[in-house]
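# Working through the structure, step by step
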Amino acid sequence: MNRNLQPAASEILRYLQSRRGKMLWLLRRMTQAESPSDVPAAQVEIREIIAGEFERLGFRVRRIPGRSSGGMLFARPAKKPRGAPAQLLLGHFDTVWPLGTLAEMPFAANGDTVHGPGVYDMKGGVAQAVLALETLHHFGVEPAVAPHVFLNSDEELGSRDSRRYIEMLAPCMDRVFVLEPSLGPAGLLKTARKAIGRFTVTVHGEAAHAGLDPGAGASAILELSHVIQSLFGMNDLSRGVTVNVGTIDGGLRPNVIAPHSRAVVDVRVATHEDQQRVEAAIRSLQPAIAGTALSVEGGFGRPAMEHTPANRALWQLACRLGSELGLDLEEALAGGGSDGSITSQFTATLDGMGAVGDGAHARHEHLRIQASMERAALLALLLMAPPLAAASARGTPR
């Protein structure tokens with residue numbers, strides 16, 4: 001592609017600002033198509049809304065059925081030169097909001113602010129992707145790195161159904177832009193994410209009558225109290241390590257020495273090194289009470305997204321192009337997970353490229369139109385960029 005034919009950043013931003021009405025129209029349509037993760041049948045309407053937008057832009061769209069989810073959408077250019085590099089726009093169209101939420105939390109556009117279930121996380125990001133690609137189409141730009149799109153409907157559930165597709169696509173991509181919302185009202189891009197683990201620690205004890213023969217028993221609840229102390233002792237906020245016992249249960253009745261108990265533990269760490277260390281510590285827990293035994297199930301579902309050389313190169317490119325739009329971008333470590341943590345193991349990944357606003361998973365969920373349109377302009381510029389530097393700068397899959 002002749003770089004001299006590329007529009008200036010100011011032209012791109014001006015065009016996108018003229019498409020404010022399209023942004024609001026598309027956001028309204030997608031928001032009113034309620035799409036809770038746990039209702040697969042509810043995903044069809046929004047998937048078809050999005051598919052129609054990409055098809056109008058000349059993309060070949062494939063609807064991929066899910067095993068347990070509402071399926072996925074994969075879009076690629078209808079004409080792509082063989083061997084040409086590719087880039088991926090990655091996101092999801094499911095939300096955490098149950099069917100019927102619109103009745104009490106309706107879509108509403110007030111000035112620069114748009115409210116509604118899922119507008120921020122992450123239907124706004126999907127709309128921005130559509131508008132960024134529409135912008136390239138409007139200016140007749142054919143990027144040197146062909147844009148592809150993959151959207152799933154189970155991200156909020158951990159991407160169990162779609163993960164294999166993401167892992168298949170990521171190594172083929174020069175870079176990945178994750179359409180998750182930016183972080184906080186300031187709109188920080190997410191250049192690192194914590195690994196997320198879920199463990200269940202079960203204690204097996206020995207039942208006995210609490211009044212007649214307490215010495216014959218071994219309390220699983222007493223043992224669990226020791227386990228909980230050990231787990232909380234693994235916290236290290238200076239390293240970004242959080243270990244939280246979120247729920248506990250066990251026992252039969254007050255007059256019985258508890259023969260069993262259980263704790264469910266959420267673990268978040270910032271590095272692969274800490275992931276291995278903390279998981280090993282949890283699995284090596286030993287009982288303190290004679291007659292009890294421990295078993296540990298679970299593990300880490302999403303890896304950490306770290307500052308690999310490739311990720312840093314992509315972040316620096318975003319900063320340079322953002323400055324052409326007058327944006328002073330900032331970055332942050334996010335405690336929550338996304339599919340960007342998966343792609344980061346294989347190729348350059350930049351997360352938080354979606355909406356600017358606040359209130360993910362909360363009643364005050366909203367996005368800001370002007371700032372989100374600026375991010376759509378940034379995405380358009382990034383899509384026009386040449387391939388990143390040699391593969392030696394990439395992160396190494398683990």
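What this report covers is the structure whose coordinates are included nearby. (Residues numbered from 1 in each chain as written. Predicted model: local features only at pLDDT ≥ 70, side-chain atom pairs only at ≥ 80, totals over all residues. Heavy atoms only, no water.)

### Let's talk about the nonpolar core
Grouped together as the largest cluster of nonpolar side chains are 67 residues, with contacts concentrated most on Ile50, Phe54, Leu89, Phe177 and Leu379. Those residues in contact with Ile50 that lie beyond four places of it in its chain are Met30, Leu73, Phe93, Val126 and Leu151. With 22 residues, the next largest nonpolar core counts Ala195, Val227, Met234 and Phe300 among its residues. (Core = buried A, V, L, I, M, F, W, Y, C linked by side-chain atoms within 4.5 Å. Buried < 20%, exposed > 50% of the residue type's maximum accessible area, 1.4 Å probe, protein only. Contact = heavy atoms within 4.5 Å.)

### Details of the sheet that holds strand S5 (residues 113–115)
Overall, antiparallel pairing links the 4 strands, which are arranged S4-S5-S16-S15 in an open sheet. Pairing within the sheet leaves two strands with one partner each, and these edge strands are strand S4 (108–110) and strand S15 (357–358). Note: S5 against strand S16 (residues 366–368), 3 bridges, orientation antiparallel. In the strand pairing of S16, Thr113 is matched with Arg368. Packing against the sheet, helix H10 (residues 369–384) makes contact with S5 and S16, and its axis sits at approximately 70° to S16. (Pairing = 2+ DSSP bridges. Helix = DSSP H or I, 4+ residues; strand = E, 2+ residues; numbered from the N terminus. Axes fitted to C-alpha atoms, helices over the stretch in contact; angles between N-to-C directions.)

### Section: the side chain of Arg175
Here Arg175 is to be found in strand S7 (residues 175–178). A distance of 3.2 Å separates the side chain of Arg175 from the backbone oxygen of Leu382, its partner in a polar contact. (Polar contact = N/O pair within 3.5 Å; in protein donor to acceptor, adjacent residues only side chain to side chain.)

### So, the pattern of salt bridges
All told, the structure shown has 22 salt bridges when counted by the stated rule. Here Arg19 and Glu134 are joined by a salt bridge, their closest N and O atoms 2.7 Å apart. Taken together, the residues Arg19 in the loop between helix H1 (9–18) and helix H2 (20–32) and Glu134 in helix H4 (residues 119–138) connect sequence positions 115 residues apart. Exposure remark for Arg19: the relative accessible area of 25% places this residue in the partly exposed category. A salt bridge links Arg164 to Asp161, with the shortest nitrogen-to-oxygen separation between them at 3.7 Å. (Salt bridge = Lys/Arg side-chain N within 4 Å of Asp/Glu carboxyl O.)

### Quick look at helix H3 (residues 43–56)
Taking 1.5 Å per residue, 14 residues should reach 20 Å; H3 reaches 20 Å between its end C-alpha atoms and fits that length. Looking at H3, one finds that the buried residues are Gln43, Ile46, Arg47, Ile49, Ile50, Ala51, Gly52, Glu53 and Phe54. Here the buried face of H3 lies against H2, strand S1 (59–64), strand S2 (72–77), H4 and strand S6 (146–152). Note on H3: the residue one or two positions beyond its end, Gly58, has a positive phi of about 90°. (Expected span 1.5 Å × (residues − 1).)

### Remarks on the environment of Gly299
Relative to the helices and strands, Gly299 resides in strand S12 (residues 293–302). Taking the C-alpha atoms as reference points, Gly299 and Gly197, 102 residues apart in sequence, are found 5.3 Å from one another. When sequence neighbours within four positions are dropped, the list of residues in contact with Gly299 reads Ile196, Gly197, Arg198, Phe199, Glu279 and Arg283.

### Details of the packing of H2 against H10
The interhelical angle for the contact between H2 and H10, taken along N-to-C directions, is 100°, at an axis separation of 11 Å. Considered as vectors, H2 and H10 are oriented roughly perpendicular to each other. Each of Arg20, Met23, Leu24 and Leu27 in H2 lies in contact with H10, whose residues at this interface are Ile369, Ser372 and Met373. In terms of residue class, the contact of H2 with H10 is built from 5 nonpolar, 1 polar and 1 charged. (Parallel < 35°, antiparallel > 145°, perpendicular 65-115°, else oblique. Nonpolar A, V, L, I, M, F, W, Y, C, P; charged D, E, K, R; others polar.)

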